[in-house]
Amino acid sequence: MSKVILLVATSLFSSCVKNPLEGYKSQERAIVSFRLPEGQIGEAEIVNGTDSATVTVWVEDELDLQAISPVVTVSKGAEVLPAPGVKVDFSANGNRYTYKVTAAAGITKLWYVHLRKQSELPAAPRLQLLPNNGRWDPRVMVYSDLDYNDYLTRYQDWNGGDGCYTAMLPDGRLLWSFQDSFFGQVSADRNRTNNVMRRNAAHLQQDTSLQSFISLNPGSGNQRETWIKYGDAPEDQDWYWPGAGQVHNGQFQMLLSHVKKNGDGMWGFAHVSTDLAVFDLPSMRLNHIVRDKDTNSNYSAGSMRAPDGYTYMYSTENGFLTSFMYVARVAGHDLTGNWEYYGPDGWSTTSVKHNVCNDITQPNVFYKDGKYYLVSQQILFGLDIYIQESGTPVGPWTNKRTLYHIPDRYSGDIISYNAFVHHALSREGELVISYNINPTDFNSNFNMPGSADRYRPYFVRIFNWK
């Protein structure tokens, strides 16, 4: 009799426990594979950006693009329009077509598919394997990205800068932004002469061919002007350093660090506020600037569109032989909206500094396959680039390991910093990371052979990083 009662009680108890997966609908809305019935060369190049994403398919020159029925595979439970097998005319609009993928949860994502003819096919990416020598996780493979290192080895106009960010625009163009930048001529022996420095710069890359470099700074050569100015203030007193950005509602939103001069020398400045620039698309014309979105910390350093419907912004602040990381967020992915801040008691609208991770420089947080990852460079201009992981956008962060050790020559009279993950350049299974170098002697940026290579970003591609 007692066994019967126990079984009944257990059954009643079990029926009261809610299945945590009950009613769950996936937010995944990716194109997993894209295949043409004929005429395709190799596999499709799929780049899953945060707001929109691209598929590039190389095809035979003689292929008729007017009525193609691609075989499209999307995330489990998602739907795609045009549907798989539906005939599409790729001959218009530069051989491009827009697909819309809708997740089971109802949220959508636009995918921009570009068919490119065989005659346009570029050479394979030029990668150089870098020896580990026990300096980073033995499972990780790192390659120097010779293509993008060469792309930013310029001999005229913009020829060097730090604070290197990239963002994919909806039509597949890449926006590059930089902080302090040099403009002018560089000789064949990489001697930078007759240059000017501007506080920020940007250019557009039309596609992955690495041929286009369209500057957004007014003027030309060493007469270029600053891209985004702080009103009418003298540029040596108040300026902007651009940071992370994203596409939202047909515009590009970019976080800015408002910096003010407060002394002499290399470190005679201070962050004043986090502002926001809003650009129209596709023109990238500045629409307006929202000042003083936050005056407590610098949240321009890194941002992430998370699958929970929020965009998270990250800030770091130096402490004694350490650093602290703070987190803000905004609902609906609209950076002009009302920000919330993560504190000891959770989220609130009061700007508060609550440390969620120590020893972080520029924070790169992103979401992949159910986890959040944090990539950052070692503090005090250290040479290690680390990765950590978490189940939430705010930590706790665990499993810290080294992805790459920047060459030892970039220490002493040259420092390295600004490690940034370029998701717009990264293909499936890899991370593209740039880091910046900068000489401690500012004058060595000019008037000697090789001076143009002392202040610039360098790129590596990292595999087996999970």
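Provided above is the structure to which this section pertains.
Fair warning: this is a prediction, and the values are worked out from it, not measured in the lab.

Engineer: Account for the overall build of the protein chain, naming residues and giving values.
Structural biologist: The helix and strand tally for the protein chain stands at 2 helices and 32 strands. For the protein chain, the C-alpha radius of gyration of 24 Å lies close to 23 Å, the compact-globule estimate for 466 residues. Each principal axis of the C-alpha distribution contributes one length, and for the protein chain these read about 95 × 65 × 50 Å. Within the protein chain, buried positions represent 50% of all 466 residues. Counting contacts in the protein chain only where the partners sit at least 6 residues apart, residues at least 24 apart contribute 54% of the total. Carbon together with sulfur atoms contributes 51% to the accessible area of the protein chain, which is approximately 21600 Å² in total. One finds the centroid of the 41 positive side-chain charges in the protein chain at a distance of 3 Å from the centroid of its 48 negative side-chain charges.

Engineer: Which residues make up the environment of Q246, and what are the values?
Structural biologist: Inspection of the secondary structure puts Q246 in strand β17 (residues 238-248). Ignoring sequence-local partners within four residues, the contact set of Q246 consists of Q251, F252, Q253, R305, T311, H333 and L335. Polar side-chain contacts of Q246 include one of 2.6 Å to the backbone oxygen of H333.

Engineer: I'd like a description of the sheet that holds strand β13 (residues 181-186), backed by residues and values.
Structural biologist: In space, the 3 strands of this open sheet follow the order β10-β13-β14, with antiparallel pairing throughout. Two strands close off the open sheet at either side, each with one partner strand: β10 (156-161) and β14 (192-198). Within the sheet, the average angular offset between the axes of one strand and its neighbour, ignoring direction, is 35 degrees.

Engineer: Give me the pattern of salt bridges: which residues, what numbers.
Structural biologist: By the definition in use, this model includes 24 salt bridges. When the shortest N-O distance is used, the salt bridge between R224 and D157 registers 2.7 Å. In this pair, R224 sits in the loop between β16 (214-215) and β17 while D157 sits in strand β10, placing the two residues 67 residues apart along the sequence. Since its relative accessible area comes to 19%, D157 is described here as buried. Where K353 meets E317, a salt bridge forms, and the shortest distance between an N and an O atom there is 2.6 Å.

Engineer: Describe the pairing of strand β26 (residues 364-368), with residues and values.
Structural biologist: Relative to strand β27 (residues 371-377), β26 runs antiparallel, the two being bridged by 5 bridges. Each residue of the ladder has a partner; that of Y367, found in β27, is Y372. The antiparallel hairpin formed by β26 and β27 contains 2 residues in its connecting segment, where D369 sits at a positive phi of about 50 degrees.

Engineer: Explain a nonpolar patch on the surface to me, using residue names and the numbers behind them.
Structural biologist: A grouping of F320, L321 and L380 is seen on the molecular surface, where their side chains present a nonpolar patch of about 420 Å² in accessible area. Mapping L380 onto the fold places it in the loop between β27 and β28 (384-390). On the basis of relative accessible area, L380 is assigned to the exposed category, the value being 64%.

Engineer: Lay out unusual backbone geometry with the relevant residues and their values.
Structural biologist: Residue P82 is reached from L81 by a cis peptide bond, and omega for that bond is -5 degrees. Note on placement: P82 falls in the loop between β5 (79-81) and β6 (96-102). With an omega of 10 degrees, the peptide bond between G395 and P396 qualifies as cis. By the secondary structure assignment, P396 is in the loop between β28 and β29 (398-405). Phi at D369 takes a positive value of approximately 50 degrees, unusual for a residue other than glycine. Positionally, D369 belongs in the loop between β26 and β27. Here D369 falls in the exposed class, since its relative accessible area comes to 57%. Look at N418: it is not a glycine, yet its phi comes out positive at around 65 degrees. The topology assignment puts N418 in strand β30 (residues 414-421).

Engineer: Before we move on, could you go through the side chain of S300 and cite the residues and values that matter?
Structural biologist: Residue position: S300 is located in the loop between β20 (285-294) and β21 (302-305). Separated by 2.7 Å, the side chains of S300 and N298 make a polar contact. Sequence-distant contacts of S300, that is, excluding residues within four places in its chain, are made with Y165, W241, G243, A244, L255, L256, S257 and T274.

Engineer: Give me the lowdown on the environment of P84, citing residues and values where you can.
Structural biologist: Position of P84 relative to the elements: it lies in the loop between β5 and β6. Looking at P84, the relative accessible area reads 45%, which means it is partly exposed. Along the sequence, P84 and N149 sit 65 residues apart, while their C-alpha atoms lie 39 Å from each other.

Engineer: Can you break down the pairing of strand β19 (residues 269-280) residue by residue, with the values?
Structural biologist: Relative to β19, strand β18 (residues 251-261) is paired through 11 bridges, and the arrangement is antiparallel. Bridging across to β19, S257 finds its partner in T274. Across 6 bridges, the pairing between β19 and β20 is antiparallel. Each bridged residue has a counterpart across the sheet, and for L276 the counterpart in β20 is V290. The turn linking β19 back onto β20 is made up of 4 residues, and M284 within it adopts a positive phi angle of 60 degrees.

Basis of the calculations
- Residues numbered from 1 in each chain as written.
- Predicted model: local features only at pLDDT ≥ 70, side-chain atom pairs only at ≥ 80, totals over all residues.
- Heavy atoms only, no water.
- Helix = DSSP H or I, 4+ residues; strand = E, 2+ residues; numbered from the N terminus.
- Rg over C-alpha atoms; globule rule 2.2 N^0.38 Å.
- Buried < 20%, exposed > 50% of the residue type's maximum accessible area, 1.4 Å probe, protein only.
- Contact = heavy atoms within 4.5 Å.
- Areas by Shrake-Rupley, 256 points an atom, 1.4 Å probe, with all protein chains shown as cover.
- Lys, Arg positive; Asp, Glu negative; His and termini not counted.
- Charge placed at Lys NZ, Arg CZ, Asp CG, Glu CD.
- Polar contact = N/O pair within 3.5 Å; in protein donor to acceptor, adjacent residues only side chain to side chain.
- Pairing = 2+ DSSP bridges.
- Axes fitted to C-alpha atoms, helices over the stretch in contact; angles between N-to-C directions.
- Salt bridge = Lys/Arg side-chain N within 4 Å of Asp/Glu carboxyl O.
- Patch = residues over 30% accessible without salt bridge, like charges linked within 9 Å, V, L, I, M, F, W, Y side chains within 5 Å.

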